[in-house]
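Structural description and commentary
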Amino acid sequence: MSDKISLDKFLQNIEENSKELSEAHIYDELRKIKTEDKEDELKIGYESIAFGFTEDYIDKPNGWGNYYGPMMVFQDKDGKWMESPSIKLVDDKTIEYWSERAMKAKHPLMTLRYSDLIWEFSKKITNKAASINMAHLVIDNTINVIESKSFQYEINAIIKLKRALSIAISINDDDRIKKLIELIIKFEDEIAIDNKPGLWGFSFDCLIDKKKIIVDEKQETKIISDLESRLHRLSQNDKSLDAHSSEAASVRLLRYYRSKNDKTNAERILKTYGQAFIWTAERNKGMIASHWLQKVYELYSSNGLKKDAEKVSQLLLEANKTINDEMKEVSKEFKIDKDIFKKFIDEITGNNLIEALNKIAWHFLPDDENIKKEVLDIAKKAPFQAFITHSIMDREGRTVAKVGSVEEDIEGRVVQLMSQHFQYDHTFLYHSIREAKKKYSFNSDDIINFIYESPLFLEERRKIIKRGIEAYFNDDFIVSAHLLIPQIENALRMMLRLNGGDIYKPAKNGGLFLRNLDEILRSQAVTENFTERVTKYFRVLLTDQRGFNLRNDICHGIIQPDHIGFYVCDRLFHVILLLAQVRTKEETG
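Predicted model, so just to flag it, every value in this text is computed and none were measured. Position numbers for residues start from 1 in each chain and track the written sequence from start to end. Totals for whole chains, interfaces and linings use every residue, but because this is a predicted model, local features are given only for residues with pLDDT of at least 70 and side-chain atom pairs only at 80 or more, for both listing and counting. By convention in this description, side-chain values take in all heavy atoms of the structure and omit both hydrogens and water.

With respect to the overall build of the protein chain
- In DSSP terms, a helix is any run of H or I states spanning at least four residues, a strand is any run of E spanning at least two, and both are numbered starting from the N terminus. Along the backbone of the protein chain there are 28 helices and 6 strands.
- The atom set for the radius of gyration is the C-alpha atoms, and the globule formula is 2.2 Å times the number of residues raised to the power 0.38. A compact globule built from 589 residues should have a C-alpha radius of gyration of about 25 Å, whereas the protein chain, at 32 Å, is more than 25% larger.
- The C-alpha extent of the protein chain, read off along each of the three principal axes, is 90 × 65 × 45 Å.
- In what follows, a contact means two residues having at least one pair of non-hydrogen atoms within 4.5 Å. Pairs at least 24 apart in sequence give 63% of the contacts found in the protein chain among residues at least 6 apart.
- For the protein chain, the exposed surface amounts to about 32,000 Å²; the carbon and sulfur share of it is 50%.
- Neither His nor the chain termini are counted; the positive set is Lys and Arg, and the negative set is Asp and Glu. By convention, the point assigned to a charge is CZ for Arg, NZ for Lys, CD for Glu and CG for Asp. Charge separation in the protein chain, taken as the distance between the mean sites of 89 positive and 96 negative side-chain charges, equals 1 Å. Each accessible area is a Shrake-Rupley estimate made with a 1.4 Å probe; only the visible protein chains count as cover when residues are assessed.

Some details on a nonpolar patch on the surface
- Residues forming no salt bridge and having over 30% relative accessible area are the ones grouped into patches, like charges within 9 Å of each other and nonpolar side chains (Val, Leu, Ile, Met, Phe, Trp, Tyr) within 5 Å. Salt bridges are defined as contacts in which a side-chain nitrogen from Lys or Arg sits within 4 Å of a carboxyl oxygen from Asp or Glu. Together, Met71, Met72, Phe74 and Met82 make up a nonpolar patch on the protein surface, roughly 330 Å² of accessible area in all.
- Looking at the element boundaries, Met71 is found in the loop between helix 3 (38-52) and strand 1 (72-75).
- Remark: exposure states derive from per-residue accessible area (1.4 Å probe, protein chains only) relative to the maximum for the residue type, with buried under 20%, exposed over 50%, and partly exposed in between. Relative accessible area serves as the criterion here: at 35%, Met71 is assigned to the partly exposed category.

A closer look at unusual backbone geometry
- With omega at -10 degrees, the peptide bond leading from Ser84 into Pro85 counts as cis.
- Turning to its location among the elements, Pro85 is positioned in the loop between strand 2 (81-84) and helix 4 (92-104).
- One non-glycine residue, Asp475, lies in positive phi territory at about 60 degrees.
- Structurally, the position occupied by Asp475 is in the loop between helix 22 (462-473) and helix 23 (477-498).
- One non-glycine residue, Asn549, lies in the positive phi region at around 55 degrees.
- Among the secondary structure elements, Asn549 is positioned in the loop between helix 25 (524-542) and helix 26 (550-555).

Quick notes on the nonpolar core
- As used in this record, nonpolar core signifies buried Ala, Val, Leu, Ile, Met, Phe, Trp, Tyr and Cys residues forming a set joined through side-chain atoms within 4.5 Å. Of all hydrophobic cores here, the largest spans 96 residues; its most connected members are Phe53, Trp98, Met110, Tyr114, Phe121, Phe187 and Leu207.
- Considering each element in turn, this core owes the most residues, 8 residues, to helix 8 (residues 174-191).
- Those residues in contact with Leu207 that lie beyond four places of it in its chain are Leu165, Ile181, Ile184, Ile185, Ile213, Val215 and Ile223.
- Ile371, Leu429, Leu517 and Phe530 belong to the second-largest nonpolar core, a separate cluster that totals 74 residues.

Re the pairing of strand 4 (residues 399-403)
- The buried count for strand 4 comes to 4 of 5 residues, which makes it a mostly enclosed element.
- Of the pairings in the sheet, the one linking strand 3 (residues 390-393) to strand 4 comprises 4 bridges and is antiparallel in character. Its bridge partner being in strand 4, His390 is matched across the sheet by Val403. Whether two strands pair comes down to DSSP finding at least two bridges between them.

What about the packing of helix 10 (residues 217-234) against helix 11 (residues 243-259)?
- Between N-to-C directions, angles span 0 to 180 degrees; the directions come from axes that are lines fitted to C-alpha atoms, helices contributing only their stretch in contact. Direction vectors running N to C along helix 10 and helix 11 enclose 140 degrees, while the axes themselves pass 9 Å from each other. Comparing the axis directions of helix 10 and helix 11 gives the class oblique. The element helix 10 and its partner helix 11 pack so that their crossing is left-handed. Counting all contacts with helix 10, which are made through Glu220, Ile224, Leu227, Glu228, Leu231 and Leu234, the residues of helix 11 involved are Ser245, Ser246, Ala249, Ser250, Arg252, Leu253, Tyr256 and Tyr257.
- A class-by-class count of the residues in the contact of helix 10 with helix 11 yields 8 nonpolar, 3 polar and 3 charged. Our angle categories are set so that under 35 degrees counts as roughly parallel, over 145 as roughly antiparallel, 65 to 115 as roughly perpendicular, and the remainder as oblique. The hand of a helix crossing depends on one turn: near helix anticlockwise from the far one by less than a right angle means left-handed, and clockwise means right-handed. Charged means Asp, Glu, Lys or Arg here, nonpolar means Ala, Val, Leu, Ile, Met, Phe, Trp, Tyr, Cys or Pro, and polar covers whatever is left, Gly included.

What about the pattern of salt bridges?
- The full count for this structure, using the stated rule, is 40 salt bridges.
- Lys505 is paired through a salt bridge with Glu519; the nearest N and O atoms lie 3.1 Å apart. Here Glu519 lies in helix 24 (residues 517-522) and Lys505 lies in strand 5 (residues 504-506), a separation of 14 residues in the sequence.
- Its relative accessible area of 28% is what places Glu519 among the partly exposed residues.
- Counted as one network, the salt bridges with shared partners bring together Glu23, Glu55, Arg113 and Lys160.

As for helix 13 (residues 286-302)
- Between the first and last C-alpha of helix 13 there are 24 Å, a value that for 17 residues agrees with the 24 Å anticipated at 1.5 Å per step.
- For helix 13, the set of buried residues is Gly286, Ala289, Ser290, Trp292, Leu293, Gln294, Val296, Leu299 and Tyr300.
- The first or second residue beyond helix 13 is Gly304, which carries a positive phi of 80 degrees. Here the expected length of a helix is defined as 1.5 Å per residue gap, with one fewer gap than residues.

Quick notes on the state of the cysteines
- Two cysteine sulfurs form a disulfide in these notes if their separation is within 2.5 Å. Going through the model one piece at a time under the given rule, you end up with 0 disulfides.
- Sulfur of Cys569: no disulfide; nearest cysteine sulfur belongs to Cys555 and is 13 Å away.

Describing the packing of aromatic side chains
- In this analysis, rings of Phe, Tyr and Trp, with Trp reduced to its six-membered ring, are considered paired at centre separations within 6.5 Å, and the interplanar angle assigns stacked below 30 degrees, edge-to-face beyond 60, and tilted for intermediate values. Inspection of the entire model under this criterion finds 26 aromatic pairs.
- Centre to centre, the rings of Tyr430 and Phe566 are 5.1 Å apart; their planes meet at 55 degrees, and the pair counts as tilted. Taken together, the positions of Tyr430 in helix 20 (residues 410-440) and Phe566 in helix 27 (residues 566-579) put the pair 136 residues apart, joining distant regions of the chain.
- Taking the relative accessible area as the measure of exposure, Tyr430 reaches 26% and is therefore partly exposed.
- Taking the relative accessible area as the measure of exposure, Phe566 reaches 38% and is therefore partly exposed.
- Ring centres 5.5 Å apart and planes at 35 degrees place the aromatic pair Tyr472 and Phe473 in the tilted group. The same class applies to Tyr472 and to Phe473, which are both buried.
- Three or more aromatic residues joined by ring pairs form one cluster here, namely Tyr430, Phe442, Tyr472, Phe473, Phe477, Phe566 and Phe573.

A look at a negative patch on the surface
- A contiguous patch of negative charge, built from Asp91, Asp92, Glu96 and Glu100, is present on the exposed surface.
- Considering the arrangement of structural elements, one finds Glu100 in helix 4.
- Judged by relative accessible area, which is 40%, Glu100 ranks as partly exposed.

Concerning helix 17 (residues 353-363)
- Three or more residues of helix 17 are buried, namely Leu353, Ala356, Leu357, Ile360 and Ala361. Burial along helix 17 is one-sided: seen end-on, the buried residues are contained in an arc of 130 degrees.
- Among the residues of helix 17, the N-terminal cap falls to Asn352, whose side-chain oxygen and the backbone nitrogen of Ile354 are separated by 3.2 Å. Here, the arc refers to the directions that run from the helix axis to the C-beta atoms. Two N or O atoms form a polar contact when they lie within 3.5 Å of each other; inside protein one atom must be a possible hydrogen donor and the other a possible acceptor, and for residues adjacent in sequence the pair counts only when both atoms belong to side chains.

Concerning the packing of helix 21 (residues 444-451) against helix 22
- Viewed as axis vectors pointing N to C, helix 21 and helix 22 meet at an angle of 130 degrees, and their least axial separation amounts to 9 Å. Relative to helix 22, helix 21 is oriented oblique. Two packed elements cross with a definite hand, and for helix 21 against helix 22 that hand is right-handed. Facing helix 21, whose interface residues are Ser444, Asp445, Ile447, Ile448, Asn449 and Ile451, helix 22 presents Arg462, Ile465, Lys466, Ile469, Glu470 and Phe473.

Regarding the environment of Ile558
- Structurally, Ile558 is set in the loop between helix 26 and helix 27.
- The contact partners of Ile558, leaving out residues within four places of it in the chain, are Arg398, Asn552 and Asp553.

Below, the structure written as structure tokens:
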């Protein structure tokens, strides 16, 4: 299409020469028009807004609470959020222009877009409700677009059908609702392809799942029968097996049978769905097989199929045995200037032992707010990585935790990055402790005297804590970790108690349990007195599965013995130094 063209001629060409259209195509073509005509330039702006908006946006972040939203949302160089097109560009004149076009446009997709924008924005922009005729235009032109095949992409046609149905319901137009129901069922029959789940299932979503729609018995039977047939084809142990697509059919059928309280059919669907995943796992190995089997295990466990889950757990253990072979070591070398490093060590080891221990305690405490800023900065530089969910696996290939996208799970990303900081910082922590020990020749008695200035350490625990410190200084790290972690937990429980917190919780069979370490660290009494920064550090190191989780992995016998070395015990020693900073109010004045 020529750049040198009037807007009227452009619109005429679009409507007369393009049977199949999409809003994206119209928007792209509009951007190519060059004009010096001021009126055309203004109208091109109205058109670009109309076809630049994204439909079905109501539940998405950065939206306006409307059905339509911006095509793009991004941050400028100053970190300010920008959107294009912006709702701020829509005013009374924009609505007036779209109203004229809704009456004049000849292509049903264009009429549909103009009339729907008026229906959506008129009240918000002009404070006047749109005419019911606009709703009729939206519905009737949607039907026209589908029946005349005037769309470019089936997935967009499905979105339009859902929108038209919601408007028909909102205005209680029974005749148009009936037409749309018949068209939705017919359209799914025309476009459905088994291994493309985006092109089927929408009849169920629109007509069975929605409580506001009443379909007749024949229509309901057909929709459910189609899903059953599709699940059967996709769940066979042959070349047609497609676990992802079978899942799309299964979740819908499960919702249906559960709504009918049909436990027999619900269990049948669960097992069919699970078996498709098991067969898929058998065709793969290692990490991929483990992924499929874990989904089946979670599915069976959460739905009360205990015996089936036990069988899958055995398959999962076998699959996980080969995962270690697939893992690749990732390392990064960094150099530290010798003079800078010496200056750092001299500074942190201070002028006396007490000063050195205090400096080590506070210097190596991570700053969670700075780490959060770093997470967001990384997300700007690597936006694709920011959207990916990360799975954290143990040595046997078991997924122990998942960390979502930056937008959905900023806390998880902070935990993950803080754990990486532990690794980067450890060189400095390691040498700080050992240079201080070399400089002041301190022993376990010196450390015990230092930490017992804190009220958190009870006298009856002195021997066991001293034994743990001695084991640490003698490089007996396995013994040290197993002795010190329970004493760290007891010290934190003491802090909760001293600050008026409840250290108990009811037991299921009567009596009282002591709160576990994670519960203690999340308690208001401990967080307020020790600060969120300190308690978050303790959680990441000791109780969070997205972090190091040392308390749980060591106390439950999960961690491999060769993983308990100076790296682990240096951190535990650091925790003890932080706990030693606590004083009573009388002592602090």
